[in-house]
Amino acid sequence: MDEIINRLKKVRRGAMFIIEAPSGTGKSAVVKEILKRDSNIKFSVSVTTRKPRENEVDGVDYYFVTNEQYDEFLAQDAFYEHVESQYGDRYGTLRSEVDSFINIGQDVIFDMDWAGARQMRKKAGSDVVSIYLLPPSIKELRRRLESRGTDTPEVINKRMNIIMDKISHWDEFDYVIVNVNLEETITKVQKIISGERMKRVRQVGLTDFVHELIKEAENG
């Protein structure tokens, strides 16, 4: 039995799990815990043209590239999604980075906004599973942002001002979770991941396995 389970795991196609949420909803904490608890899911390392910050490592936090290298990636259609920030820095998700995982049955998780999720769905289709996290209330969202102690009041107000635009895209996502309790939310995301792994379209080894079952049944 273990041999059969292991064989089917090896021929499973990985999925791309995108998690989006307004700032302060708990997205980063959820992604961090999922990665810690599930060895078969990897974090997608993005390409960026911005300079490394202190303690950031190339190939771990980001792939740091020049604008010329970035333009080459664009010309080669090498990105699943790409975006230019309001500060002029450019970011992108490499197809080769993601495909190297999903083609061997490993899943990839993304901390990505709705615009990136749109691009991913357009290019990757059914490989994409999108999850949106909502705060229990706007008042609670502000409290969480203030309690982090990492942003100035001006930055917090700026984040709050773009919340409506962020939340307005909630219905573009496959799953929606209201993050009242972090541990409960993590459990719900884990259940989504488990369920998506069992979908027939991702268990690409099932066809041969079922044919073997039919042949065995026919031979008595």
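**Considerations on the environment of V30**
- By the secondary structure assignment, V30 is in helix 2 (residues 27-37).
- With a relative accessible area of 0%, V30 lands in the buried category.
- With near-sequence residues (within four places) excluded, V30 lies in contact with I19, L133, L182, T185, I186 and V189.

**Thoughts on the packing of aromatic side chains**
- Within this structure, the stated rule accounts for five aromatic pairs.
- Aromatic pair Y132 and F173: ring centres 5.1 Å apart, planes at 70 degrees, arrangement edge-to-face. In this pair, Y132 is assigned in strand 8 (residues 128-134) and F173 in the loop between helix 8 (163-167) and strand 9 (175-178), connecting sequence segments 41 residues apart. For the pair shown, Y132 and F173 are each scored as buried.
- Counting every residue linked through ring pairs, the aromatic cluster contains Y62, F64 and Y91.

**Observations regarding the pattern of salt bridges**
- Considering all chains together, one arrives at 21 salt bridges under this definition.
- With its nearest N and O atoms 3.0 Å apart, the salt bridge here joins D77 to K123. Remark: K123 occurs in helix 5 (residues 114-124) and D77 occurs in the loop between helix 3 (67-75) and strand 5 (79-84); sequence separation between them is 46 residues.
- Among the residues examined, K123 registers a relative accessible area of 35% and is labelled partly exposed.
- For the salt bridge of R121 with E172, the shortest nitrogen-to-oxygen distance reads 3.5 Å. Taken together, the residues span a long stretch of sequence, with R121 in helix 5 and E172 in the loop between helix 8 and strand 9 at a distance of 51 residues.
- A single network of salt bridges, built from pairs that share partners, joins R12, D38, D107 and R197.

**Here's the deal with the pairing of strand 7 (residues 107-111)**
- Of all five residues making up strand 7, four are buried, and the element is well covered by its neighbours.
- By the bridge criterion, four bridges tie strand 1 (residues 16-20) to strand 7 in an arrangement that is parallel. Note on strand 7: the bridge partner recorded for M16 is V108.
- Bridge analysis of strand 2 (residues 41-43) against strand 7 gives three bridges, and the strand direction is parallel. What sits directly across from I41, in strand 7, is D107.

Conventions adopted
- Residues numbered from 1 in each chain as written.
- Predicted model: local features only at pLDDT ≥ 70, side-chain atom pairs only at ≥ 80, totals over all residues.
- Heavy atoms only, no water.
- Helix = DSSP H or I, 4+ residues; strand = E, 2+ residues; numbered from the N terminus.
- Buried < 20%, exposed > 50% of the residue type's maximum accessible area, 1.4 Å probe, protein only.
- Contact = heavy atoms within 4.5 Å.
- Phe/Tyr/Trp six-rings, centres within 6.5 Å; stacked < 30°, edge-to-face > 60°.
- Salt bridge = Lys/Arg side-chain N within 4 Å of Asp/Glu carboxyl O.
- Pairing = 2+ DSSP bridges.

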